[in-house]
Amino acid sequence: MTSPTAADLKALETQLQLRRTVLLTELREQLHRNDETDTLALINHFDETGDWVEADIENDIDIALLNRKVSALRDIDAALARLRANWDGSCANCGESIAWERLQANPTAQICVNCQTALEKRQGGNIAVAL
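Note that the coordinates shown come from a computational prediction; the quantities given were computed from them, not determined experimentally.

Draft legend 1. Just helix α3 (residues 52–84), in detail. Taking 1.5 Å of rise per residue, 33 residues should cover 48 Å, and α3 covers 47 Å from first to last C-alpha, within 8% of that figure. Among the residues making up α3, those that are buried are Ala-55, Asp-62, Leu-66, Lys-69, Leu-73, Ile-76, Ala-79, Leu-80, Arg-82 and Leu-83. The first or second residue beyond α3 is Asn-86, which carries a positive phi of 65°.

Quick look at the structure:
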């Protein structure tokens, strides 16, 4: 495992900015389906299905997807803020360098694999999102 170089961190920033742009586009498309940017419009699934239960499930899925995208956007913004503050790729927990391979796999990672493993063991492996 290798530590990230300055060039690696610059590439990571570019990757994060691209992913941020894609997420914002997806959010706009999902929220403004009628091309009116001043109003929010989620699909009325009842009109599609004619079934309130199925429509409710579809609405819950839409909201869950929105929440996931907003959460990812927050993680990306936090990672970009760290990079712009001259973050050197060090673990927020132990201070050791986060392996470049980990940052390539999870560009918003804040802690190294060892700290992530320890966190998951303390929490019984029930943590779903790697920091």
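Draft legend 2. Representation of the packing of helix α1 (residues 6–31) against α3 in the model. α3 packs onto α1 with a crossing angle of 150° between their chain directions and a minimal axis gap of 9 Å. As the angle between them shows, α1 and α3 are arranged roughly antiparallel. In terms of crossing hand, the pair formed by α1 and α3 is left-handed. Classifying every residue of the contact of α1 with α3 gives 16 nonpolar, two polar and eight charged.

Draft legend 3. Representation of a nonpolar patch on the surface. There is a patch of nonpolar side chains on the surface, built from Val-53, Ile-57, Ile-61 and Leu-65 and spanning about 350 Å² of accessible area. One can find Leu-65 in helix α3. Owing to a relative accessible area of 40%, Leu-65 belongs among the partly exposed residues under this scheme.

About the thresholds
Residues numbered from 1 in each chain as written. Predicted model: local features only at pLDDT ≥ 70, side-chain atom pairs only at ≥ 80, totals over all residues. Heavy atoms only, no water. Helix = DSSP H or I, 4+ residues; strand = E, 2+ residues; numbered from the N terminus. Expected span 1.5 Å × (residues − 1). Buried < 20%, exposed > 50% of the residue type's maximum accessible area, 1.4 Å probe, protein only. Axes fitted to C-alpha atoms, helices over the stretch in contact; angles between N-to-C directions. Parallel < 35°, antiparallel > 145°, perpendicular 65-115°, else oblique. Left-handed = near helix turned anticlockwise from the far one by under 90°. Nonpolar A, V, L, I, M, F, W, Y, C, P; charged D, E, K, R; others polar. Patch = residues over 30% accessible without salt bridge, like charges linked within 9 Å, V, L, I, M, F, W, Y side chains within 5 Å. Areas by Shrake-Rupley, 256 points an atom, 1.4 Å probe, with all protein chains shown as cover. Salt bridge = Lys/Arg side-chain N within 4 Å of Asp/Glu carboxyl O.

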